[in-house]
Every structure is written in C-alpha cells, then in structure tokens.
Amino acid sequence: MNRLMPMKEFANRRQQLISHMAPDSIAIIPAAPERVRNRDVLHPFRQDSDFYYLTGFNEPDAVLALIPGREHGEAVLFCREKDPLKELWDGFLVGPEAAVSDYGMDDAFPIGDIDDILPGLIEGRSRVYYPLGKDRDFDTRIMEWVKVIRSKVRSGAHPPGEFIALEHVLHDLRLYKSAAEIKVMARAGEISAEAHCNAMRRARRGGFEYHLEAELLHTFMTHGARSAAYPSIVGGGANACILHYIDNNAPLKDGDLVLIDAGCELECYAADITRTFPVSGRFSGPQKALYEVVLAAQYAAIDTVRPGNHWNNPHEAALRVLSQGLLDLGLLKGSLDQVLETEAYKPFYMHRTGHWLGMDVHDVGDYKVGDAWRELEPGMVMTVEPGLYVAPGNTDVDPQWRGIGIRIEDDVVVTREGHRVLTDGVPKTIKGIEALMAEA
Ligand code: GLY
Ligand code: MN
Ligand code: MN
C-alpha cells in the first residue's frame, strides 16, 4: 500500500471511538455497497466515509465491529475471502488474514459467516451503536441479528436494549482533523490548485466548458487522485449564475467569465476550490468591479477564521463586504444596515459562505451547539466561498452587470495561531490571474 495516511492513524481512531463508547456496548459499521451503473457495469466504488475513517479498508461487502473490552480483541472485521478465481477476474482481495496482519484488526472473519458470528458478539452487550436510519437494508440486518439473540432469551441470552446513532460520537471525532489528515488535505489542495491553474491556461484556446473539465481531471489523475471529490462545475458566462451547473457543455466565449468549482479526492479527502476568470485572459470593467467586491469579501471572511471566533463569523464578514459593494456599485439602494436587515442582498448572494470540509465535501460535524454557533477550534477545516450572481434576467440592475457570476473559494484550516489556507497555489487576485493566463 502506497498512501500518505499511516496505518496507525486508523487504529488511533478506533481507540478514540471506543473510549467514547459505553463499556457494555458494540459499534457496527458497514462498508459502502457496490452500485449498478447500467446492467453489468458498476459505478466506480467509493468507500463509506465513516467505515474508511475507521479502517482504511477499501472493499465493499465488509462490516466492522468494535467491542470495548472484548478479551479476544476489540476490532473485528468481516470481509470477502481470498478467492484466486474471483481475483483473476475482478482484482486483488485483502482477505481476513491480511485484514489482521496489514490493517491492524484484532480478528477477521469471512463476510459469509457474519450471520453465524455477529449475533454472538452482540449478545450480552446492552447498547448497539450503528448508522441508524442511513440504509434501510442495514437497519433490517441489525434487527435480524438482534432477533437471533431474542430467540434465545429462554436459554439465558441477553439481547441489547438500546440502539444509538453512531454519528453523534463519530462525526464529532471526524470534525477535528489530525496532523496526518491535514497533510493529506493539503496535498489534495495542492493538486487541485494546480488543476485550476492548468484550466486557466487552457481557457484562452477557447472550445467548450468540458475542455476545461478534462484539464482538471487530467491534472487530478496525473497526481494519483483518481477522481474529483464532486462533479466539477465549469460555467461560462451566465452559466456561472446556476449554482450547481454541471452540464459543462456550452462553448466558451471571449468576453465572458468562466467559473470553475472543482477539487480532487485524495485518499477519501476532498478539496473544494472555486475560481472565476476571463476566457480571454483580461477582465472587463464591470467584471473587475464585481470581482474586487467578492475578493474583498473572501479576504474579510478568511480573516475571521481563528480559534475563539464562531462558525458564522466568516459569513457575517462576507455579507457586510458584499452588501457594501452592491451599494457602492449601485446594484442595491439604501443603507448597509437596511440591506443586512432586510436581506436585500439575497437575489445576488443566496448561499452560505462555507461548510466543513473533510472526507465528505460537505463534511460532518454540527454547526451549532444548542442554540449557539459553534466555536472554531484548531483542526477544523472549512471552505470560505462568497460569491455574487447577477441573473441574466435581472431587469432591476444596469444591463452591464447582467449574467455575471463570480465565486471565490478556498479551503482553510483553523490553527492555534489563526488559520492556514490549503489552496493558495492558484492565484485569485486580478493581477495574479491575468499574469498566469498571459503565460499561456
Ligand atoms: N463544490 C460544492 C461546494 O462548493 O459547496
Ligand atoms: Mn464548497
Ligand atoms: Mn465548491
């Protein structure tokens, strides 16, 4: 295995989770299923983030059981058996033996034996943690295993009485990234930044939006990131105003901006970068004016990312700068307080300024504790992504602004001293973008 994440990291996480579990409990976490794309063709396999977080094990048809204090070992994996014929057709399988020797499991069994073995591991444990309600089939299987134990109560078996959503504990652990995780995320950010630079260079030759998407994927894969973390958004002209535009099939036009929101996935960690730049390599006057507002909002928002501030501070900072900018340019009328109070900015800025980032692009972790916004703490990773979007049909504003969509997004980790931007390998100032594109 050639990967950035050391194996001991996964063992540490299992230990951490176990230390948060009740002593008489068991956690049961399934791998992601394979999904059919069409007939005999499967979608590329993507492991379940929770399962991968705890195992580093990248096969379907597997279940992890964590059993605090179990005499014969606390971490038990059920997985596919070695099978030379199957491996000849479909590729390498780890198998139970190597799950112990290479993946640090205490015990491992063939997945085919799970119905015989798992009820015995659950028996006597009063609580079961599992991803409750996430997958109906798995909910049913849990209840079937419990039923096996219930059928034996007259012989003295103790079925569990409590079922607890695993994510309460696990997702809070996932929110705080370790040094090893930051390293992988920084590498994902670096690769993605290079991909954006290459797409900017490619844009001057024109063509279609998907030509830029191809450039992104080429750079991701060249560096061993085998897929994008989410479908890349490449929106030229007014397509930039469609927040989740993924058709990517329109021609690139000289004079238009193009918005790219794309990041690679590396070892199940996402990068998430947006840049907006002119196809021609030079911003027009109105494009420049709106762009400077978004950039100032992004700087102001990033500036608030530090321990002690709370989750909503970057959003509040961005809203102030964006709203003032819209007033200054005449797209809105009134005072700043009025605009903020009445949310008059909403036709131009309708999304939030970021989200947690990690193994899922919109990562897990609570944004509020009770009624209060969550305080930022070292190890949390978030995106900062303000934007302005002027709908092409917005007749309330001067025609020069219509159809311009701009977003600027970076990935930011909270550090003890403040923050670190993981995605600064791609320019975002007008000068920096125009200089890079002039090289092409
Ligand atoms: N790329 C998805 C997002 O920016 O939230
Ligand atoms: Mn994002
Ligand atoms: Mn994004």
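A brief structural summary. These numbers come from a predicted model, not from an experiment.

**Comments concerning helix α11 (residues 313-328)**
- For α11, with 16 residues, the first-to-last C-alpha span of 23 Å sits near the 22 Å given by 1.5 Å per residue.
- Here α11 has its buried residues at Asn313, Pro314, His315, Ala317, Ala318, Leu319, Leu322, Ser323, Gly325, Leu326 and Leu327.
- Considering only its buried residues, α11 is in contact with α10 (285-303), α12 (336-342), β17 (381-384) and β18 (387-389).
- After α11 finishes, the residue Gly330 shows a positive phi value of roughly 85 degrees.

**Brief notes about the side chain of Arg70**
- Examined against the element boundaries, Arg70 turns out to sit in the loop between β4 (63-66) and β5 (75-79).
- Of note is the side chain of Arg70, whose polar atom sits 2.8 Å from the backbone oxygen of Gly73.
- Here Asp107 takes part through its side chain, which lies 3.0 Å from a polar atom of the side chain of Arg70.

**Points about the nonpolar core**
- Counting residues in each nonpolar core, the largest one holds 123 residues, and the members touching the most others are Leu17, Leu77, Leu212, Ile260, Phe277 and Leu388.
- Top element by residues in this core is helix α8 (residues 179-203). It accounts for 13 residues.
- Beyond its immediate sequence surroundings of up to four residues, Leu388 is in contact with Leu290, Val293, Val294, Leu322, Leu326, Phe348, Tyr349, Ile404, Gly405 and Ile406.
- In this structure, Val63, Phe78, Ile111 and Ile149 belong to the second largest nonpolar core, which totals 20 residues.

**Looking at the sheet that holds strand β11 (residues 257-262)**
- Here we have three strands laid out as an open sheet, ordered β10-β11-β14, and antiparallel in their pairing. In this open sheet, the two strands that pair with only one neighbour each are β10 (233-236) and β14 (273-278). Here the average twist between neighbouring strands, direction ignored, is 10 degrees.
- Pairing of β11 with β14, which is carried by six bridges, proceeds in the antiparallel orientation.

**A closer look at the coordination of the manganese ion (ligand 2)**
- Around the manganese ion (ligand 2), the donor atoms from the protein are Asp272 (OD), His355 (NE2), Glu385 (OE) and Glu409 (OE), and they sit 2.0 to 2.2 Å away.
- Geometry at the manganese ion (ligand 2) is irregular, judged from the six donor atoms that bind it and their angles of 50 to 156 degrees at the metal.
- Donor residues for the manganese ion (ligand 2), ordered by position in the chain, follow D-x82-H-x29-E-x23-E.
- In this structure, the manganese ion (ligand 2) lies 3.2 Å away from the manganese ion (ligand 3), the two metals sharing Asp272 as a donor. Here His355 lies in the loop between α12 and β15 (368-369) and Asp272 lies in the loop between β13 (269-270) and β14, a separation of 83 residues in the sequence.
- Residue classification places His355 among the buried residues on the basis of a relative accessible area of 8%.

**Some details on the site of ligand 1**
- If you check the shell around ligand 1, you find Tyr230, Asp261, Asp272, His355, His362, Glu385 and Glu409 and nothing else.
- Take His355: an N or O atom from its side chain is 3.0 Å from an oxygen atom of ligand 1.
- Interatomic distance of 2.7 Å between a side-chain N/O atom of His362 and an oxygen atom of ligand 1.
- Burial of ligand 1 by the protein amounts to 84% of the accessible area it has alone, namely 190 Å².
- For the shell around ligand 1, the class distribution of residues is one nonpolar, two polar and four charged.

The rules behind each value
- Residues numbered from 1 in each chain as written.
- Chains lettered and ligands numbered in written order.
- Predicted model: local features only at pLDDT ≥ 70, side-chain atom pairs only at ≥ 80, totals over all residues.
- Heavy atoms only, no water.
- Helix = DSSP H or I, 4+ residues; strand = E, 2+ residues; numbered from the N terminus.
- Expected span 1.5 Å × (residues − 1).
- Buried < 20%, exposed > 50% of the residue type's maximum accessible area, 1.4 Å probe, protein only.
- Contact = heavy atoms within 4.5 Å.
- Polar contact = N/O pair within 3.5 Å; in protein donor to acceptor, adjacent residues only side chain to side chain.
- Core = buried A, V, L, I, M, F, W, Y, C linked by side-chain atoms within 4.5 Å.
- Pairing = 2+ DSSP bridges.
- Axes fitted to C-alpha atoms, helices over the stretch in contact; angles between N-to-C directions.
- Donors = N, O, S within 2.8 Å, 3.2 Å for Na, K, Ca; no water.
- Tetrahedral: all angles 85-135°; square planar, octahedral: opposite > 155°, others 65-115°.
- Near = heavy atom within 4 Å.
- Areas by Shrake-Rupley, 256 points an atom, 1.4 Å probe, with all protein chains shown as cover.
- Nonpolar A, V, L, I, M, F, W, Y, C, P; charged D, E, K, R; others polar.

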